[in-house]
Each structure stands twice: as C-alpha cells, then as structure tokens.
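# An overview of the molecular structure
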Amino acid sequence: AGFVAAAEALGLPAPRPLQPSTVRAWMRRGGGEGVLLHLTGLDPSARRLACRCLLAYVLSDAPTAPVTEVNPPEAWRVYSSVFRKDAAGTGHARSALDSEQAWSA
C-alpha cells in the first residue's frame, strides 16, 4: 500500500506487482549487489531468514526439472582408490544408493 500511495502522490502510475521471473532478471543484471549490501547490515539469523525468503520467492515459479535417480549396479562402478583396498562390492568399495557402506570421505 505504501508504494501505491507514493506513486499516486507523485502522479505516477501504480507500481506493478513483482513477479519471481522479474526479480531473477533484475538480479542477473546486477541488482543482486544491492541485495548483498543490504544483507551485510543484518545480524546472521536475520540474514539467513532473508536469504531463505528471497530464494523461495525467486524460485517459486521456476520450472522444476524432473528428478532421475541413477543407481547403477556395483559391478558397473569403478573406483580410483578405496580405503584399505577393499574389493569392489565389499567394505568401503560400495557406493550404491542403497548399500550398507555407500560413500566415505
């Protein structure tokens, strides 16, 4: 309401509502620097909340890519190195999404 009243007082057309795609385009053109300057003045918890809200809004109308799970059999996997030189499919040489060990760092 504040922006509408200000526009009316100045004899300007009413502002158009922001759309997520408009905000994304503005940020690509360098508008994100202004957001970063503003965010640096916030305490860390407020900054996290502001970033989450902005991200959720900007992505709210973005098309989502279909999710494809790729989980090839262990026999198709190759390891450049394995802890304790475990044989493929055993110990630390298991990386299937549903394996008991999965990936270790």
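The structure contained in this document is the topic of the report that follows. (Residues numbered from 1 in each chain as written. Predicted model: local features only at pLDDT ≥ 70, side-chain atom pairs only at ≥ 80, totals over all residues. Heavy atoms only, no water.)

## Structural notes on the overall build of the protein chain
Each helix and strand in the protein chain was counted, giving three helices and zero strands. Secondary structure elements in the protein chain, listed N-terminal to C-terminal, are α-α-α. A compact globule built from 105 residues would reach a C-alpha radius of gyration of about 13 Å, whereas the protein chain, at 25 Å, exceeds it by more than 25%. Projecting the C-alpha coordinates of the protein chain onto the three principal axes gives extents of approximately 75 × 30 × 25 Å. (Helix = DSSP H or I, 4+ residues; strand = E, 2+ residues; numbered from the N terminus. Rg over C-alpha atoms; globule rule 2.2 N^0.38 Å.)

## Quick word on the side chain of S95
Relative to the assigned elements, S95 resides in the segment after α3 (44-59). A polar contact of 3.0 Å, which involves the side chain of S95, links it to the side chain of R77. Polar contacts involving the side chain of S95 include one to the side chain of Y79, which spans 2.8 Å. (Polar contact = N/O pair within 3.5 Å; in protein donor to acceptor, adjacent residues only side chain to side chain.)

## Topic: the side chain of E74
Examined against the element boundaries, E74 turns out to sit in the segment after α3. Nearest to the buried, unbridged E74 among oppositely charged side chains is R77, at 4.1 Å. Apart from the residues within four sequence positions on either side, E74 is in contact with Y79, G89, A93, R94, S95 and A96. (Buried < 20%, exposed > 50% of the residue type's maximum accessible area, 1.4 Å probe, protein only. Lys, Arg positive; Asp, Glu negative; His and termini not counted. Salt bridge = Lys/Arg side-chain N within 4 Å of Asp/Glu carboxyl O. Contact = heavy atoms within 4.5 Å.)

## Observations regarding the packing of helix α2 (residues 20-40) against α3
One can describe the packing of α2 onto α3 by two numbers: an axis separation of 11 Å at closest approach and a directional angle of 175 degrees. The angle between α2 and α3 falls in the class roughly antiparallel. Mapping the contact onto sequence places P20, V23, R24, M27, V35, L39 and T40 in α2 and R47, A50, C51, L54, Y57, V58 and L59 in α3. Considering only residue class, the contact of α2 with α3 consists of eleven nonpolar, one polar and two charged. (Axes fitted to C-alpha atoms, helices over the stretch in contact; angles between N-to-C directions. Parallel < 35°, antiparallel > 145°, perpendicular 65-115°, else oblique. Nonpolar A, V, L, I, M, F, W, Y, C, P; charged D, E, K, R; others polar.)

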